[in-house]
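Structure assessment
The chain contents come next:
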Amino acid sequence: METKNFDYKNIPGWGLDIDERNEPTYPMKNYTGDDHKRSDYEKPPKQPVDVEILKSTERPEVSAVFGNASPPSGLSGMIRRYAFKHSEDRYRHWIPLILADRINAWEGIIEDFRSGIIPNIPAERGWKSEMKYNRAELTKKILVTGVISLVLLSYLTRKKR
Amino acid sequence: MLAMNYRGPYRVRTEQRPMPEILHPEDAIVRVTRTCICGSDLHLYHGMVPDTRVGSTFGHEFIGVIEEIGPLVTNVKIGDQVLVPFNIACGRCNFCKQGLYGNCHESNAMATAVGGIFGYSHTAGGFNGGQAEYVRVPYANVGPTVIPPDMDPDDAVLLTDVVPTGYQAAEMGGIKEGDTVVVFGAGPIGIMAARCAWFFGAARVIVIDHIDYRLEFARNYAKCEAYNFKSMEDPVVFLKKITDWYGADVCIDCVGCEAEGNALQTFTGKITLMQAGAATALQWAINSVKKGGIVSVVGVYGPPFNYVPIGNVLNKGITLRANQASVKRLLPKLIEHVQAGRLDPKGLITHKVPLEEISDAYHIFSAKLDECIKVVLIPSTKS
């Protein structure tokens, strides 16, 4: 049914029960009725698109400003490009993104080595503060990991013999 | 410049990075003088938010000095000391015009489910954040607010997120005089929500968490009751019992996707990621509120989906209200509360750490070491 030019205000009873106070979003929202203008508003100037931006399929164009941190690259970038072919409603959008994030962490380590950086993973994980404030727990973790490793190692070497 | 660099779950470091540039005529470059780690940054740090890319700089709570402005910036000038709301808002779209600055339509190309936020993954726009010496601030005519000269910078930095989010959590609760309000979560936001609930006329404010030092902090800071859910068999029954078997008038979820307390939620939400985090607090809020009550949600969840008892929302006639805080809308009122001495934001700060020690700062906050409530990072360029 075409409703765009339909004069709905002639429907018997139209608008009789309008209650301006029935606005559950108040006071977060200062309701002005502008929602009915949809995307008709003064548009800000556009930031030039000079990096690869993966745009949501739920909007017609890139927003006026956007972030340029970490453009997609490598295998994780390929997965992200696939994810962005699907709407935010789809599992096939979000689950590949989570997978891409995990792969990206490994790519980061490879990238570090390529750039001549040996990543200090314990330092990045804040082990200095763990040593300072949680030494007993850290010692326990190290001991448990050590014992499990020894048991595994002795099991594997016994099998070989 | 020195900036935080995310390397993967539980791994961050600082390193030298290129200076941010003006990329849009309404941009400004801010030299950061204070920046915080937010509880919601921990969701990024733990790898819970989709499209959090290695190499990103986090940080959406920061203040600083305007160093450079684009040709169309007129509301702030070079040298102004500003606090920068965590939402990136154009001020022109029909959401911004109605005060929904957290839902701007012109600040996030990557998702329509959330507006642009500084340093909060590509799902929130892919902007680098303020845990750095310098940061690019888009729409500088809208967000940055000049800090009143008599305001302590430690108070100002908490006005960028913690105070407005806590306040709006209480505001969305629609608290009426005499109401009983239950706040889930005794992190900085939960403590602030509990404190702000009194502004709206609450008669009883109860905080639920499982970390004793935080509960004690909440009791002292927010003048509320505080209970450890690990000491009770069933928190929902406990809350029903202490509200005359009626339920709270208002429940506020200030926990979000990394809640503890329910094995199934933890397994599906945190271990196997079969849902967007463990929605335990929201489940408890829905089940603890009275029939016809209001549940206010400011705890952060990922965008995909969560298991919550939506049938109870219907059958109990619950009003569910949620949003990212509209910082710009709330700032005038909150600045007044701070200046009048009614709110003491800096009282939440327990740790001040040089930006260079960001790995340890994240770990201390994440692992809740050294009775940590709130961490402020100080870049070496602060003076």
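Residues numbered from 1 in each chain as written. Chains lettered and ligands numbered in written order. Predicted model: local features only at pLDDT ≥ 70, side-chain atom pairs only at ≥ 80, totals over all residues.

Looking at an unreviewed UniProt entry, chain B carries the name Threonine dehydrogenase, with the source organism given as Pedobacter suwonensis. Of the comments in the UniProt record for chain B, the one headed Sequence similarities (unreviewed entry) reads "Belongs to the zinc-containing alcohol dehydrogenase family." Taken verbatim from the UniProt record of chain B, the Cofactor (unreviewed entry) comment is "Zn(2+)". (UniProt positions renumbered as here; feature names shortened; annotations may be inferred.)

Next up on the list: the overall build of chain A. From N to C terminus, chain A includes five helices and zero strands. Helices and strands in chain A line up, N terminus first, as α-α-α-α-α. A globule of 161 residues ought to have a C-alpha radius of gyration of about 15 Å, yet chain A, at 28 Å, is considerably larger. Referenced to the eigenvectors of the C-alpha coordinate spread, the extents of chain A come out at roughly 90 × 40 × 35 Å. By the burial criterion, 20% of the 161 residues in chain A qualify as buried. (Helix = DSSP H or I, 4+ residues; strand = E, 2+ residues; numbered from the N terminus. Rg over C-alpha atoms; globule rule 2.2 N^0.38 Å. Buried ≥ 20, exposed ≤ 12 C-beta atoms within 10 Å, placed from the backbone.)

A few words now on the overall build of chain B. Scanning chain B from N- to C-terminus turns up 11 helices and 17 strands. Since a compact globule built from 383 residues should have a radius of gyration of about 21 Å, the 20 Å found for chain B is in line with a globular shape. A principal-axis box enclosing the C-alpha atoms of chain B has dimensions of 60 × 45 × 40 Å. Taking all 383 residues of chain B together, the buried fraction comes to 63%. When contacts within chain B are restricted to residue pairs at least 6 apart in sequence, those whose partners lie at least 24 apart make up 70%. (Contact = placed C-beta atoms within 7 Å.)

So, on to the packing of helix 3 (residues 162–172) of chain B against helix 10 (residues 327–339) of chain B. Residues and elements named next belong to chain B. One can describe the packing of helix 3 onto helix 10 by two numbers: an axis separation of 10 Å at closest approach and a directional angle of 95 degrees. In terms of axis orientation, helix 3 runs roughly perpendicular to helix 10. Judged by residue contacts, V163, P164, Y167 and Q168 of helix 3 engage V327, L330 and L334 from helix 10. Grouping the constituent residues of the contact of helix 3 with helix 10 by class yields six nonpolar, one polar and no charged. (Axes fitted to C-alpha atoms, helices over the stretch in contact; angles between N-to-C directions. Parallel < 35°, antiparallel > 145°, perpendicular 65-115°, else oblique. Nonpolar A, V, L, I, M, F, W, Y, C, P; charged D, E, K, R; others polar.)

For the rest of this paragraph, the subject is the UniProt feature "domain: Alcohol dehydrogenase-like N-terminal" (unreviewed entry) in chain B. Under the feature "domain: Alcohol dehydrogenase-like N-terminal" (unreviewed entry), the UniProt entry names residues 25–144 of chain B. In the segment residues 25–144 of chain B, helix accounts for 6% and strand for 25%; the C-alpha atoms at its two ends are 15 Å apart.

Residue and element names in this part refer to chain B. With 149 residues, the main nonpolar core has A193 and V207 as its most contacted residues. At seven residues, the largest contribution of residues to this core is made by helix 4 (residues 188–197). Mapped onto the domain boundaries, this core takes at least three residues apiece from domain 1 (2–161 + 326–378) and domain 2 (165–322). Beyond its immediate chain neighbours, meaning those up to four positions away, V207 contacts V183, A186, G190, A194, L215, A218, A222, C224 and A226. (Core = buried A, V, L, I, M, F, W, Y, C linked by C-beta atoms within 7 Å. Domains from an automatic or database assignment.)

A separate point is the sheet that holds strand 13 (residues 248–253) of chain B. Residue and element names in this part refer to chain B. Read from one edge of the open sheet, six strands run 12-11-10-13-14-15, paired in parallel fashion. The outermost strands of the open sheet, each flanked by one partner alone, are strand 12 (225–228) and strand 15 (319–322). Ignoring which end each strand starts from, the neighbouring axes of this sheet average 20 degrees apart. In the sheet, strand 10 (residues 180–184) pairs with strand 11 (residues 204–209) via five bridges, with the strands oriented parallel. Bridge pairing in strand 11 links T180 to R204. (Pairing = 2+ DSSP bridges.)

Moving on, we come to the domain arrangement of chain B. Residues and elements named next belong to chain B. Assigned domains within chain B: domain 1 (2–161 + 326–378) and domain 2 (165–322). Between domain 1 and domain 2, the C-alpha centre-to-centre distance is 25 Å. Each partner contributes to the interface: domain 1 provides 20 residues, whereas domain 2 provides 19 residues. Elements with a minimum of two residues in the side of domain 1 that touches domain 2: helix 1 (39–45) and helix 10. Ranked by residue count, the leading element in the side of domain 1 that touches domain 2 is helix 1, at three residues. Tallied by class, the residues present in the side of domain 1 that touches domain 2 amount to nine nonpolar, seven polar and four charged.

All right, on to the interface of chain A and chain B then. Residue-level contacts link 51 residues of chain A with 60 residues of chain B. With eight residues, the top contributor of residues to the side of chain A that touches chain B is helix 2 (residues 91–114) of chain A. Residue composition of the side of chain A that touches chain B, grouped by class: 22 nonpolar, 13 polar and 16 charged.

With that out of the way, let us pick up the pairing of strand 16 (residues 351–354) of chain B. All names here are of chain B. Note: strand 16 against strand 17 (residues 375–378), four bridges, orientation parallel. Across the sheet, H351 pairs through a bridge with V375, a residue of strand 17. Between the parallel pair strand 16 and strand 17, the chain is carried across by helix 11 (residues 358–366), and the sense of this crossover is right-handed. (Right-handed = clockwise from strand over helix to strand, strands pointing away.)

Residue and element names in this part refer to chain B. Alignment of strand 1 (residues 2–8) against strand 2 (residues 11–16), held across six bridges, turns out to be antiparallel. Looking at strand 2, one finds that A3 is bridged to E15. Between strand 1 and strand 2, which pair antiparallel and follow one another directly, the connecting turn spans two residues, one of which, Y10, has a positive phi of 65 degrees.

A few words on the environment of D244 of chain B. All names here are of chain B. Mapped onto the secondary structure, D244 falls in the loop between helix 6 (235–241) and strand 13. Among the residues examined, D244 registers 8 C-beta atoms within 10 Å and is labelled exposed. Distance in space between the C-alpha atoms of D244 and Y307 is 28 Å, their sequence separation being 63 residues.

Residue and element names in this part refer to chain B. Here helix 10 contains 13 residues, and its C-alpha end-to-end distance of 17 Å stays within 8% of the 18 Å for a straight helix at 1.5 Å per residue. At K333, helix 10 shows its maximal kink, close to 35 degrees. Of the residues making up helix 10, those classed as buried are V327, K328, R329, L330, L334, I335 and V338. Looking at the residues trailing helix 10, positive phi occurs at G341, about 80 degrees. (Expected span 1.5 Å × (residues − 1). Bend = angle between axes of the 7 residues up to and from the residue.)

The next point concerns the packing of helix 3 of chain B against helix 4 of chain B. Residue and element names in this part refer to chain B. It is at 7 Å that the axes of helix 3 and helix 4 come closest, and there the two elements cross at 55 degrees. Taken together, helix 3 and helix 4 sit at an angle that is classed as oblique. Seen along the crossing, helix 3 lies across helix 4 with a hand that is right-handed. Between helix 3, through V162, V163, T165, G166, Y167, A169 and A170, and helix 4, the contact on the second element is made entirely by P188, I189, M192, A193, R195, C196 and A197. Along the lines of polarity and charge, the residues of the contact of helix 3 with helix 4 split into 11 nonpolar, two polar and one charged. (Left-handed = near helix turned anticlockwise from the far one by under 90°.)

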